[in-house]
Amino acid sequence: PVTNSPVTRCGPGSVTLTATGSGGTLKWYTVSTGGTSVATGGSYAVTVAVGTVTYYVAETSAAGCEGPRTAVTVTATTPPTLAITPSGPTTFCAGGSVTLNGASASDPSYDNFSWTPSTGLSATNTASVTANPTTTTTYTVTATNPDGCINTASVTITVNPNPSIGAATASPATICVGGNSSLSTNSTGPNTAPGTYC
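Residues numbered from 1 in each chain as written. Predicted model: local features only at pLDDT ≥ 70, side-chain atom pairs only at ≥ 80, totals over all residues. Heavy atoms only, no water.

**Observations concerning the state of the cysteines**
As enumerated under the stated definition, the model contains 1 disulfide in all. Between Cys10 and Cys149 runs a disulfide, and the two sulfur atoms are separated by 2.1 Å. Handedness of the Cys10-Cys149 disulfide follows from its S-S torsion of about 115 degrees: it is right-handed. A residue pair is termed long-range when its members are at least 10 positions apart, and Cys10 in strand E2 (residues 7-10) and Cys149 in the loop between strand E14 (137-144) and strand E15 (150-160) qualify at 139 residues. Assessed through its relative accessible area of 11%, Cys10 is described here as buried. (Disulfide = S-S within 2.5 Å. Helix = DSSP H or I, 4+ residues; strand = E, 2+ residues; numbered from the N terminus. Buried < 20%, exposed > 50% of the residue type's maximum accessible area, 1.4 Å probe, protein only.)

**Examining the environment of Thr60**
Here Thr60 shows up in strand E7 (residues 51-60). Of the residues examined, Thr60 reaches a relative accessible area of 10% and is grouped as buried.

**So, the sheet that holds strand E8 (residues 70-77)**
Taken together, the 5 strands give an open sheet; going across it, the order is E2-E8-E7-E4-E5, and neighbouring strands pair in mixed fashion. The open sheet is flanked by E2 and strand E5 (39-40), the only strands paired with a single partner. Two elements, strand E4 (residues 25-29) and E7, share 5 bridges in a ladder whose sense is antiparallel. Within E7, the residue paired with Leu26 across the bridge is Glu59. (Pairing = 2+ DSSP bridges.)

**Brief notes about the confidence of the model for the chain**
The pLDDT averaged across the chain works out to 88; a share of 90% of its residues lies at or above 70. Low pLDDT (under 50) marks residues 191-198, which in the prediction has 8 contacts with non-local residues, meaning those over four places away or in another chain. (pLDDT = per-residue confidence, 0-100. Contact = heavy atoms within 4.5 Å.)

**Re the pattern of salt bridges**
One pass over the structure, following the stated rule, counts 1 salt bridge. In this structure, the salt-bridge partner of Arg69 is Glu66, at a minimum N-O distance of 3.8 Å. By relative accessible area, which is 21% here, Arg69 ends up partly exposed. Residue classification places Glu66 among the partly exposed positions, given a relative accessible area of 35%. (Salt bridge = Lys/Arg side-chain N within 4 Å of Asp/Glu carboxyl O.)

Encoded structure:
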């Protein structure tokens, strides 16, 4: 007879199914009857999504006789909640920053955090980081807990370039004491809009 154990994992991913027979060749199937064997041997690596999936394994003797198939179930549970909480607006002008907290609104079981990309971040391995990117960037945090659960969350920080002064003129450029001159300037660059200049 073939013996096996059901497999449970937290979240989608890869798992290895194992079974033990009496010395013959073990064959793995995705259906309970018919079909073609998808693998042979005492183990079979599969990738599963959240939910329960059933695979089947049978033993074939040296004479070529195949025994009954035994079901092997794989259950992938939904990972605990993981969310990124910004301390303020995630859209700002160049030079701005915002704190991103991966723990405050997440399941408290998470004890390991990893942020990517590292560009513009104050740290990459803490629950809370400060983001100061120079261009629009999407940050992703991957969190794990002692039970092996893994989850990811992302947030996009939009950075608007600051306008720049193109030129400043005085007309006339030379005046006598007590005289008047008209000063003017213009701004250039992305997102340029009329404003107040000091």
